Amino acid sequence: MSELSCQEIVELVTDYIEDTMPHEERRRFEHHLSYCPGCVTYVEQIRETIRATGELPREETLSPAMREGLIAQFRLWQRDG
Ligand SMILES: [Zn+2]
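Residues numbered from 1 in each chain as written. Predicted model: local features only at pLDDT ≥ 70, side-chain atom pairs only at ≥ 80, totals over all residues. Heavy atoms only, no water.

> I'd like a rundown of unusual backbone geometry, residues and numbers included.
Notably, Asp19 is not glycine yet its phi reads approximately 60°, a positive angle. Locating Asp19 in the fold gives a position in the loop between α1 (6-18) and α2 (23-35). (Helix = DSSP H or I, 4+ residues; strand = E, 2+ residues; numbered from the N terminus.)

> Can you explain α1? Please cite residues and give values.
Between its first and last C-alpha atoms α1 spans 19 Å; for 13 residues at 1.5 Å apiece the expected length is 18 Å, and the two agree. The sharpest bend along α1 reaches about 55° and sits at Leu12. What α1 keeps buried is the set Cys6, Ile9, Val10, Leu12, Val13, Thr14 and Tyr16. Just past α1, the residue Asp19 takes up positive phi, approximately 60°. (Expected span 1.5 Å × (residues − 1). Bend = angle between axes of the 7 residues up to and from the residue. Buried < 20%, exposed > 50% of the residue type's maximum accessible area, 1.4 Å probe, protein only.)

> Could you give me a rundown of the coordination of the zinc ion, with the residues and numbers involved?
Only Cys6 (SG), His32 (NE2), Cys36 (SG) and Cys39 (SG) from the protein coordinate the zinc ion, and they sit 1.9 to 2.3 Å from it. The coordination sphere of the zinc ion comprises four donor atoms, whose angles at the metal cover 104 to 112°; the geometry is tetrahedral. Mapping the donors of the zinc ion onto the primary sequence yields the spacing C-x25-H-x3-C-x2-C. With Cys6 in helix α1 and His32 in helix α2, the pair connects residues that are 26 residues apart, well separated along the chain. For the pair shown, Cys6 and His32 are each scored as buried. (Donors = N, O, S within 2.8 Å, 3.2 Å for Na, K, Ca; no water. Tetrahedral: all angles 85-135°; square planar, octahedral: opposite > 155°, others 65-115°.)

> Requested: an account of the confidence of the model for the chain, with residues and values cited.
Residues at a pLDDT of 70 or more form 84% of the chain, whose mean pLDDT is 84. No element of the chain has a lower mean pLDDT than helix α4 (residues 64-80), at 71, and none a higher one than α2, at 96. (pLDDT = per-residue confidence, 0-100.)

> Explain the packing of aromatic side chains to me, using residue names and the numbers behind them.
Evaluation of the coordinates by the stated rule reveals one aromatic pair. Between Tyr16 and Phe29 the ring centres are 4.2 Å apart and the planes differ by 10°, which places this aromatic pair in the stacked class. Placement of Tyr16 in helix α1 and of Phe29 in helix α2 is noted, with a sequence separation of 13 residues between them. Phe29 shares its class with Tyr16; the two are buried. (Phe/Tyr/Trp six-rings, centres within 6.5 Å; stacked < 30°, edge-to-face > 60°.)

Right, dumping it as structure tokens:
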């Protein structure tokens, strides 16, 4: 079972929250969350956004700068971990 990267988590988060991903992929996603607090925080932020706006943020609502910021942050977390 190959592990998901943080970048894949960012890309898959809406599928995870919508529960539209295959069972096996969901397990891999949750496995990643079990050891990566950065991604847990990210998923929580997306959930908060959904609660606040009533809808899922789509790919285009994450600006490239925001994505890059998140991915840079994940790298820091990984380096520290
Ligand atoms: Zn991660």
